[in-house]
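Descriptive structure summary
In case you want the letters, here they are:
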Amino acid sequence: MSERLPATARRGAARSWSAPLHRGLLLLLLLAARGATAAAALFAIALCSLLSGCTEVRYVAQASLGQLSMAWKTESLKDAAFDARKSWRTRALLREVPHIKRFGERHGLTATGNYRTYVELERPAAVWVVSACEPLRFRSKTWSFPIVGTVPYLGWFHLKDARAFAAPLKAAGWDVDVRPAGAYSTLGWLEDPVLSTMISGGDDALGDLANVVLHESLHATLYVKGQTRLNESLANFVGDELAKVYLDERVGPFSAEKTSYMREQERGEARARALHDAYIHLDRLYASSASDAEKRAEKQAVLARLAADIGARRPLNNAALVQFRVYNSGSEELSALLATCGGSWPRFVGALKKLEGQRFSAPQENIGRVVEPLIQAGCR
């Protein structure tokens, strides 16, 4: 493999906007095949009949083929973990996955067939995520699908396909972001494999792997249709916080693995503050009485300073900032709910699962407005 995503990249837009994860995660890949045989292709064809536009059909087709190609490369996790052709480090990390899964299940995450297999990808990311936003307002372009509802991004298995999809959006005047994702979840529709892109090259690799597995396991446990901001921010919160607890239990609070992981978390939080400040600044600018020309000039200056401050590796724009918000909202409210649940992760997850059948007034609802009733109800 030519390169790995930086550790902070796989932890998602939450922790590094120079090369965010995301993690992670593409929820829409559940629209791909439901198996690794010809039946998967038939399922995708049947699903296409439910879709209304060329974009939807094109997306599902590439997702199905991408999922199938990954299935053909699958090997059992046990075999991979003891394969002498793999590095000692990779084998050691793969042997941690069952422990991480059991830990997550003890903390309220659903037991699934995920992460019992392994895929070595010959590329630096699992998928590339395309998002778009208006240039002078934080309003994202969205796409709608059966089952998952409305989403503000689409993931593509090949970078050239992602760029081809992004090009007409840019030509139409949208701010467009294309970012790598090291992992994704199929929400329990398929048995997700451990991907080579989930294993980082840094000293924080164990914490990073735990974070990703727990993040994606949350998606398989709880998914609220049409509420991507809630789903992703919740998964980020769970992955970030539970990974710390896992490291404390597994290797100790003063271990080198925990120290390295917390160091990367602190760096990510510094980047997150800079991204948040830029978002707030631009949001106020867009709502002001300044002319469009003045807004564009100040926007360019703000984003140039931000790129220099965080060491951005790709152009920053409204789409990038909105995706950051998708993965990094509501942490105070979620922390308050966890405290209301007495610090019990199973109670916390159980309270949030009540949202799955709830009707919302709008897609991407404010997380504080969603979580506050659960806090007021005392986590019951």
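For the structure, see preceding data.
Since this is a predicted model, take the numbers as computed values, not measurements.

A word on the pattern of salt bridges
Within this structure, the stated rule accounts for 15 salt bridges. The salt bridge involving aspartate 83 is made with lysine 86; its shortest N-O contact spans 3.2 Å. Take aspartate 83: its relative accessible area is 10%, and that puts it in the buried class. Within this structure, Glu75, Asp83, Arg85 and Lys86 form a network of salt bridges that share partners.

Topic: the packing of helix 5 (residues 88–106) against helix 7 (residues 205–221)
The geometry of helix 5 relative to helix 7 is characterised by a closest axis approach of 10 Å and an angle of 45° between their N-to-C directions. Between helix 5 and helix 7, the interaxial angle falls into the category oblique. Crossing of helix 5 against helix 7: the hand is right-handed. For the pair helix 5 and helix 7, the contacting residues are Arg89, Leu93, Glu96, Val97, Ile100, Lys101, Phe103 and Gly104 in the first and Ala205, Leu206, Leu209, Ala210, Val213 and Leu214 in the second. Grouping the amino acids of the contact of helix 5 with helix 7 by side-chain chemistry returns 10 nonpolar, one polar and three charged.

A word on the sheet that holds strand 7 (residues 175–181)
Read from one edge of the open sheet, three strands run 6-3-7, paired in antiparallel fashion. The open sheet has two edge strands, strand 6 (154–156) and strand 7, and neither has a second partner. Taken over all neighbouring pairs, the strand axes of this sheet differ in orientation by 25° on average, direction set aside. Both strand 3 (residues 127–133) and strand 7 contribute to a ladder of seven bridges, which runs antiparallel. Counterpart to cysteine 133 in the pairing with strand 7 is aspartate 175.

Thresholds, definitions, all that
- Residues numbered from 1 in each chain as written.
- Predicted model: local features only at pLDDT ≥ 70, side-chain atom pairs only at ≥ 80, totals over all residues.
- Heavy atoms only, no water.
- Salt bridge = Lys/Arg side-chain N within 4 Å of Asp/Glu carboxyl O.
- Buried < 20%, exposed > 50% of the residue type's maximum accessible area, 1.4 Å probe, protein only.
- Axes fitted to C-alpha atoms, helices over the stretch in contact; angles between N-to-C directions.
- Helix = DSSP H or I, 4+ residues; strand = E, 2+ residues; numbered from the N terminus.
- Parallel < 35°, antiparallel > 145°, perpendicular 65-115°, else oblique.
- Left-handed = near helix turned anticlockwise from the far one by under 90°.
- Contact = heavy atoms within 4.5 Å.
- Nonpolar A, V, L, I, M, F, W, Y, C, P; charged D, E, K, R; others polar.
- Pairing = 2+ DSSP bridges.

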